[in-house]
Amino acid sequence: MQSIYQRIEELIKERGMTKKAFCQQLGISTGNFGDWKRGKTTPGTNKLIEIASFFDASLDWIMLGRDVQSKVLKESQDPYFFGASGQLNYQGGSLSEAERDFILEYVEFTRFRKEKNQPNSTTD
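If you're wondering where the values come from, they're calculated on a predicted model, not measured in any experiment.

Conventions we followed
- Residues numbered from 1 in each chain as written.
- Predicted model: local features only at pLDDT ≥ 70, side-chain atom pairs only at ≥ 80, totals over all residues.
- Heavy atoms only, no water.
- Salt bridge = Lys/Arg side-chain N within 4 Å of Asp/Glu carboxyl O.
- Helix = DSSP H or I, 4+ residues; strand = E, 2+ residues; numbered from the N terminus.
- Buried < 20%, exposed > 50% of the residue type's maximum accessible area, 1.4 Å probe, protein only.
- Polar contact = N/O pair within 3.5 Å; in protein donor to acceptor, adjacent residues only side chain to side chain.
- Contact = heavy atoms within 4.5 Å.
- Axes fitted to C-alpha atoms, helices over the stretch in contact; angles between N-to-C directions.
- Parallel < 35°, antiparallel > 145°, perpendicular 65-115°, else oblique.
- Nonpolar A, V, L, I, M, F, W, Y, C, P; charged D, E, K, R; others polar.
- Left-handed = near helix turned anticlockwise from the far one by under 90°.

**Student:** Could you clarify how one ought to interpret the pattern of salt bridges in this entry?
**Tutor:** As a working rule, side chains carrying opposite charge can pair if their charged atoms are close by. Across all of its chains, the model carries 4 salt bridges by this definition. Linking Glu50 and Lys47 is a salt bridge whose minimum nitrogen-to-oxygen distance equals 3.1 Å. A residue pair is termed a helical-turn pair when its members lie 3 or 4 positions apart in one helix, as Glu50 and Lys47 do in helix α4 (residues 45-55) at 3 residues. Overall, the relative accessible area of 23% leaves Glu50 in the partly exposed class. The partner of Asp60 in a salt bridge is Arg66, and the shortest N-O contact between them spans 3.6 Å. With a relative accessible area of 22%, Asp60 lands in the partly exposed category. What makes Arg66 partly exposed here is its relative accessible area of 42%.

Structure, rendered in structure tokens:
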């Protein structure tokens, strides 16, 4: 089973980059990158999101080695949370811890992408 570091290394190779160039472009110190390789530490959540965005890779694959594209999700045409009136229409049980974690991770990823895509505002 590959480690997070090995999957990141694979992405770097696929991109045809050097590890040094990767570190420079993402603001990662070579010391931290070496710690990832030795298994002393792993990238934090924000850095993992940044790496996934940089390589256009899924967080599932980087973190767990799961290929989410191999699973096809089919959505029904029925309203999920909101009915025709726009009212909350969820009557299921509580979300599992894994479902809550996924939603929180998605919200964090969405915030990151939004901040990344906002132009820098400068005042004269």
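That shown, we press on.
**Student:** Even after reading the chapter, I still don't get the side chain of Asp35, so can you show me in this structure?
**Tutor:** Inspection of the secondary structure assignment puts Asp35 in helix α3 (residues 30-38). A residue is classified by how much of its surface remains accessible, and Asp35, at 16% relative accessible area, is buried. Side chain to side chain, Asp35 and Arg38 meet in a polar contact 2.8 Å long. Beyond its immediate sequence surroundings of up to four residues, Asp35 is in contact with Lys40 and Thr41.

**Student:** Got a minute to help me understand the packing of helix α1 (residues 4-15) against α3 in this structure?
**Tutor:** Two packed helices can be described by the angle between their axes and the distance between those axes. The interhelical angle for the contact between α1 and α3, taken along N-to-C directions, is 120 degrees, at an axis separation of 8 Å. Classified by the angle between their axes, α1 and α3 sit oblique to one another. Each of Tyr5, Ile8 and Ile12 in α1 lies in contact with α3, whose residues at this interface are Phe33, Trp36 and Lys37. Looking at the contact of α1 with α3 residue by residue, the classes come out as 5 nonpolar, no polar and 1 charged.

**Student:** Looking at this structure, how should I read the packing of α1 against α4?
**Tutor:** Taken N-terminus to C-terminus, the directions of α1 and α4 make an angle of 25 degrees; their axes are 11 Å apart at the nearest point. Here α1 is positioned roughly parallel relative to α4, judged by the angle of their axes. Classified by chirality, the crossing of α4 by α1 is left-handed. Listed contacts from α4 to Ile4, Ile8, Leu11, Ile12 and Arg15 of α1 are Leu48, Ile51, Phe54 and Phe55. Here the contact of α1 with α4 is built from residues that sort into 8 nonpolar, no polar and 1 charged.

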